[in-house]
Amino acid sequence: MGQLPTVSPAEDKAMARAIELAARGLGTTSPNPVVGCVLLDSAGHVVGEGFHAYAGGPHAEIVALAQAGEKARGGTAVVTLEPCNHTGRTGPCVQALIRAGVSRVVIAVDDPNPLAAGGEATLRDAGVEVLTGVRTAEAEDGNIAWLTSVRRGRPYVIWKTASTLDGRSAAADGTSMWITSEAARMDVHRLRGTVDAIMVGVGTVLADDPRLTTRDLRTGSLAIRQPLRVVIDSHGRTPAGARVRDGAAPTLIATTALLGGDDEGRVDLRAVLSELHHRGIRSVLLEGGPRLAGAFLAAGLVDLIISYVAPKLLGDGPAALVGAGVTTITDAIDLEVLDVDRVGPDLRLTARPRVSADSGTL
């Protein structure tokens, strides 16, 4: 048996760059994945780069091939996701790579979508050497929303929470503007710009009347692309004049009449996520309130937690989380802390549940 192909230092560096490029498509490619590609010539020099910028637009491989031109012949394509093998709104990337004369393709993640899979086999049948599994964990993290949607049939759910150091989301009199700093609030708007939907419960709408839009806080101007606003409102209590109905962004009021209810007459959260999945939503930012977050956590439907913690103490007031199904310390939801950073005077903690109850770990 011949020796298995190994990744070269130039290819490994190119994959790191391809993962960086892929991230530029966050928030604009849904329902497609984010993908980055770097083309190396036969001597290992970078001759082309590309990323998938928007759904319906050219794929990363096509952009990189256009830059490389004839220099791609005999070279290597380094790509974060297995090149597609089907015709959708664009043609199959594997055929473009074969026509360009690429002799080797290095892949981070195999495509789990049965519609697009098979690219590796097609490339090998055409005499192209294929190496897979390079920087897979990094590439999966960068494409986790799309991968979750394919593997679980629902969007990737991020719970964003803001609280004081003692876990309060508001003071005893209900005031909550502002617990966190302007720097943290600007960071939240950046986060909103990377997701497909922003979700709150009707209680948050009634208490705070939020806009749930993505804005430049310095100028107040709306971003060109606005995520779908989703209100979990079992019994249709969202006022006609609520700002989530203002037309600044699309809005879905999720009621039991629309999506069905659970045994307690509340909107079925899995039905909501299924509906969003069918609408092409691949990522959801869960922003409020504490009971809705608790219901999602209790159902094992939270994939990532981003917690902004202000250096303040309130002593009393609403808790940031209620009803997560934990009654004793042994039931505590165990988290893996991924990152802790300063955002202005606040802390931003990023973590994920170690095991997701809906289908185990990815």
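Residue numbering note: each chain is counted from 1, following its sequence as written. At least 70 in pLDDT is required for a residue's local features to be given in this predicted model, at least 80 for side-chain atom pairs to be given and counted, and no such filter applies to totals for whole chains, interfaces and linings, which use all residues. Side-chain measures were taken over the full set of non-hydrogen atoms in the model, leaving aside hydrogen atoms and water.

**Student:** Any chance you could break down the sheet that holds strand β2 (residues 46-51) for me, citing the residues and the numbers?
**Tutor:** Consider a sheet: its strands pair through backbone hydrogen bonds, and that pairing is either parallel or antiparallel. With mixed pairing, five strands are arranged side by side in an open sheet as β2-β1-β3-β4-β5. The strands lining the two open edges of the sheet, one partner per strand, are β2 and β5 (129-132). With direction set aside, neighbouring strand axes in the sheet form an average angle of 15 degrees. The pairing criterion is simple: DSSP has to find at least two bridges between the two strands. Only DSSP runs of H or I with at least four residues qualify as helices, and only runs of E with at least two residues qualify as strands; both kinds are numbered from the N terminus onward. Pairing between strand β1 (residues 36-40) and β2: five bridges, direction antiparallel. Opposite Gly-36, over in β2, you have Phe-51 as the bridge partner. Each axis is a line fitted through C-alpha atoms, taken for helices only over the stretch in contact, and angles between the N-to-C directions span 0 to 180 degrees.

**Student:** Which residues make up the pattern of salt bridges, and what values go with them?
**Tutor:** Here, a salt bridge means any side-chain nitrogen of Lys or Arg that lies within 4 Å of a carboxyl oxygen of Asp or Glu. All chains considered together, the criterion is met by 25 salt bridges. A salt bridge links Glu-70 to Arg-73; its shortest N-O distance comes to 3.4 Å. Three labels apply to residues, based on accessible area from a 1.4 Å probe with only protein chains included: buried if under 20% of the type maximum, exposed if over 50%, partly exposed otherwise in between. Judged by relative accessible area, which is 61%, Glu-70 ranks as exposed. Among the salt bridges present, the one from Asp-303 reaches Arg-154, with a minimum N-O distance of 2.8 Å. Here Arg-154 lies in the loop between α6 (144-152) and β6 (156-164) and Asp-303 lies in the loop between α11 (290-298) and β11 (304-310), a separation of 149 residues in the sequence. Judged by its relative accessible area of 9%, Asp-303 is buried. Judged by relative accessible area, Arg-154 falls into the buried class, the value being 5%.

**Student:** Summarise the packing of aromatic side chains; cite the residues concerned and give the values.
**Tutor:** By convention, a stacked pair of Phe, Tyr or Trp rings (six-membered ring in the case of Trp) has centres within 6.5 Å and planes under 30 degrees apart, an edge-to-face pair has planes over 60 apart, and any other such pair is tilted. All told, the structure shown has zero aromatic pairs when counted by the stated rule. Definition used: whenever NZ (Lys) or CZ (Arg) falls within 6 Å of the ring centre and also within 35 degrees of the ring normal, the charge is taken to sit over that ring. Just above the ring of Trp-178 sits the side chain of Arg-185; from NZ or CZ to the centre is 4.2 Å.

**Student:** Please provide a residue-by-residue account of the sheet that holds strand β12 (residues 335-343), values included.
**Tutor:** Judged by pairing direction, the sheet is mixed, and its eight strands sit side by side in the order β9-β8-β7-β10-β6-β11-β13-β12 without closing on themselves. One side of each edge strand has no neighbouring strand; the edge strands of this open sheet are β9 (251-254) and β12. Strand-to-strand twist across the sheet, computed as the mean angle between neighbouring axes with direction ignored, equals 20 degrees. One ladder, built from eight bridges, connects β12 with strand β13 (residues 346-353); its direction is antiparallel. Considered in β13, the bridge of Arg-342 is made with Leu-347. Throughout, a contact is declared for two residues whenever any of their heavy atoms are within 4.5 Å. Its contacts with the sheet place helix α10 (residues 269-278) against β6, β7 (197-201), β8 (228-232), β9 and β10 (283-288), and it is angled at close to 165 degrees to β8.

**Student:** Explain the side chain of Thr-180 residue by residue, including any values.
**Tutor:** Structurally, Thr-180 is set in the loop between β6 and α7 (182-192). Contacts of Thr-180, omitting those with residues within four sequence positions, involve Ala-162, Arg-185, Tyr-308, Ala-310 and Asp-346.

**Student:** Any details on the UniProt feature "binding site: NADP(+)" (unreviewed entry) in the chain? Residues and values, ideally.
**Tutor:** UniProt positions are given in the numbering used here, feature names are shortened, and annotations may be inferred rather than shown by experiment. Mapped onto the present numbering, the UniProt feature "binding site: NADP(+)" (unreviewed entry) falls on Ala-162, Trp-178, Thr-204, Asp-208, Ser-234, Gly-289, Pro-290, Arg-291, Leu-292, Ala-293, Gly-294 and Ala-295. In sequence the annotated residues extend across 134 residues, and in space they extend as well, their farthest C-alpha pair lying 28.4 Å apart. Along the polypeptide, Pro-290 turns up in helix α11. If near-sequence neighbours (up to four positions away) are discounted, Pro-290 is found in contact with Ala-319, Ala-320, Leu-321 and Val-322.

**Student:** Give a description of empty space enclosed by the protein that names residues and reports values.
**Tutor:** With a 1 Å grid laid over protein atoms only, a set of points is called a cavity when a 1.4 Å probe fits there but cannot get out and a pocket when it is open yet has protein on both sides within 12 Å along at least five of seven lines; lining residues have an atom within 4 Å of a point. Grid points are joined across faces, edges and corners, and a volume is the space filled by probe spheres set on the points. Applying the stated criterion to the full structure yields one cavity of 30 Å³ or more. Within this model, the largest cavity holds a volume of roughly 60 Å³. In terms of lining residues, the largest cavity is bounded by Ile-19, Ala-22, Val-34, Thr-80, Leu-81, Val-109, Glu-138, Ala-139, Gly-142 and Asn-143. Those elements that provide at least two residues to the lining of the largest cavity are α1 (9-22), β3 (76-81) and α5 (136-142). By residue number, the principal contributor to the lining of the largest cavity is α5, which donates three residues.

**Student:** Outline the pairing of β10, supporting the account with residue identities and numerical values.
**Tutor:** For β10, a buried count of six out of six residues is recorded, marking the element as mostly surrounded by other parts of the structure. Taken together, the four bridges between β6 and β10 define a ladder with parallel strand orientation. In the strand pairing of β10, Val-157 is matched with Val-284. The pairing of β7 with β10 spans four bridges and is classified as parallel. Pairing of Met-199 across the sheet is with Leu-286, part of β10.

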